[in-house]
Amino acid sequence: MLASGSGSNLQALIDDQGEYRIALVLSDKPGSRALERAEQAGLPTAVVAWPGERGVFTTAICDAVAAAGAELMVLAGFMRILGREAIDRFPDRILNIHPSLLPAFPGAHAVESALEHGVKVTGVTVHFVDEEVDHGPIIAQVPVPVAAGDDRDSLHARLQAEEHRIYPAVVAGLARGEITLEERTVRWRKT
């Protein structure tokens, strides 16, 4: 698990452990709430601070994940872009969650963008990570209506509720072998 901030998606994944085990929680921010949550749950933690160079950072992240024996890299509010090495070392084994129905509104301000564009529906996307930001084969999406009078906080809260539901379901599906990626097409065979 890679997280930079409060770790609410991390907490949802911690609470859902059963069919999967979190091998390591890694943050680029010492003292982050995500690290506190991991420590409270008795999970191993690590910090890889941003050194100012993406290649060095990516190598350090990949080395830490590999040393923990993790089979999957799950990004949960991780606000750094990894270099190509991560995709090469963990092909089709890096997940991300994003607060929009990708390909709409990629980037760090998806909630604000949805409101600015006046959409009636936005949502949450879980996808495999590829070379582009907020891109890659989509595993699951959940629509979330935009209510009249929504502001960033109210819409974000409803999006997070869906994130906390869908991310553990996807990780569990991967752990059970129900989700596969075949030639950039996702197959989810629910049991």
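Given the structure is predicted, the values throughout are model-derived calculations rather than measurements.

Asks: Quick question: what am I supposed to make of the packing of aromatic side chains here?
Replies: The description of an aromatic ring pair rests on the distance of the ring centres and on the angle between the ring planes. Inspection of the entire model under this criterion finds 2 aromatic pairs. With a centroid separation of 5.1 Å and an interplanar angle of 70°, the aromatic rings of W50 and F57 are classed as edge-to-face. Centre to centre, the rings of F57 and F78 are 6.2 Å apart; their planes meet at 5°, and the pair counts as stacked. Separated by 21 residues along the polypeptide, F57 in helix α3 (residues 54–67) and F78 in the loop between β3 (73–74) and α4 (84–89) bring together distant segments of the chain. Grouping residues by exposure puts F57 and F78 together as buried. Aromatic rings pair up to connect W50, F57 and F78 into one cluster.

Asks: I'm lost on unusual backbone geometry in this one. Help?
Replies: Most peptide bonds adopt trans geometry, and most residues besides glycine take a negative phi value. Omega for the bond connecting L102 with P103 falls within 30 degrees of zero, at 15°, which places this linkage in the cis form. Along the chain, P103 falls in the loop between β4 (94–98) and α5 (110–116). A positive phi angle, near 55°, is found at D92, a position not held by glycine. Among the secondary structure elements, D92 is positioned in the loop between α4 and β4. Classification of D92 as partly exposed rests on a relative accessible area of 46%.

Asks: When you look at the layout of surface pockets in this model, what are you seeing that I'm missing?
Replies: Rolled over the atoms, a probe as big as a water molecule pinpoints where empty space is left. What the largest pocket holds in volume is close to 910 Å³. Along its surface, the largest pocket is lined by 42 residues, and G77, F78, M79, N96 and I97 are the ones closest to its centre. Elements with a contribution of two residues or more to the lining of the largest pocket: α1 (8–16), α4, β4, α5 and α6 (152–175). Tallied by class, the residues present in the lining of the largest pocket amount to 16 nonpolar, 16 polar and 10 charged. For the second largest pocket, the calculated volume is near 520 Å³. Residue lining of the second largest pocket: 25 residues in total, with Y20, R21, A70, E71 and L72 positioned closest to the centre.

Asks: Could you clarify how one ought to interpret the sheet that holds β3 in this entry?
Replies: The strands that make up a sheet are held in pairs by hydrogen bonds between backbone atoms, and each pair lies either parallel or antiparallel. The sheet built from 4 strands is open, its strands ordered β3-β4-β5-β6 with mixed pairing. This sheet does not close on itself; its edge strands, each paired only once, are β3 and β6 (138–145). With 7 bridges joining them, strand β5 (residues 121–128) and β6 adopt antiparallel strand pairing. Bridge pairing in β6 places V121 opposite P145. This element, α6, spans β3, β4, β5 and β6 of the sheet and lies at about 155° to β6.

Asks: Quick question: what am I supposed to make of the pairing of β5 here?
Replies: The two faces of a sheet get side chains in turn, since along a regular strand they alternate between them. With respect to burial, β5 is a largely interior element, 7 of its 8 residues being buried. With 4 bridges connecting them, β4 and β5 associate as antiparallel partners. Following the sheet pairing, N96 is matched in β5 by H127.

Asks: How do you make sense of the side chain of T58 when you look at a structure like this?
Replies: By the secondary structure assignment, T58 is in helix α3. Accessibility expressed as a relative area gives 0% for T58, which makes it buried. Setting aside anything within four residues of it in sequence, one finds T58 in contact with L82, G83, E85 and A86.

Asks: I tried to follow the packing of α1 against helix α2 (residues 33–40) on my own but got confused; where do I start?
Replies: The axes of two packed helices give the description: the angle between them and the distance between them. One way to put it is that α1 packs onto α2 with a least axis distance of 9 Å and a crossing angle of 15°. By the angle between their directions, the pair α1 and α2 is classed as roughly parallel. Helix-helix and strand crossings are classified by hand; for α1 and α2 the assignment is right-handed. Note on element contacts: α2 touches α1 through A34, R37 and A38, opposite S8, L10, Q11 and I14. Among the residues making up the contact of α1 with α2, the classes are represented as 4 nonpolar, 2 polar and 1 charged.

Definitions and cut-offs
Residues numbered from 1 in each chain as written. Predicted model: local features only at pLDDT ≥ 70, side-chain atom pairs only at ≥ 80, totals over all residues. Heavy atoms only, no water. Phe/Tyr/Trp six-rings, centres within 6.5 Å; stacked < 30°, edge-to-face > 60°. Helix = DSSP H or I, 4+ residues; strand = E, 2+ residues; numbered from the N terminus. Buried < 20%, exposed > 50% of the residue type's maximum accessible area, 1.4 Å probe, protein only. 1 Å grid on protein atoms, 1.4 Å probe; cavity = no way out; pocket = protein on both sides within 12 Å on 5 of 7 lines; lining within 4 Å. Points joined across faces, edges and corners; volume = space filled by probe spheres on them. Nonpolar A, V, L, I, M, F, W, Y, C, P; charged D, E, K, R; others polar. Pairing = 2+ DSSP bridges. Contact = heavy atoms within 4.5 Å. Axes fitted to C-alpha atoms, helices over the stretch in contact; angles between N-to-C directions. Parallel < 35°, antiparallel > 145°, perpendicular 65-115°, else oblique. Left-handed = near helix turned anticlockwise from the far one by under 90°.

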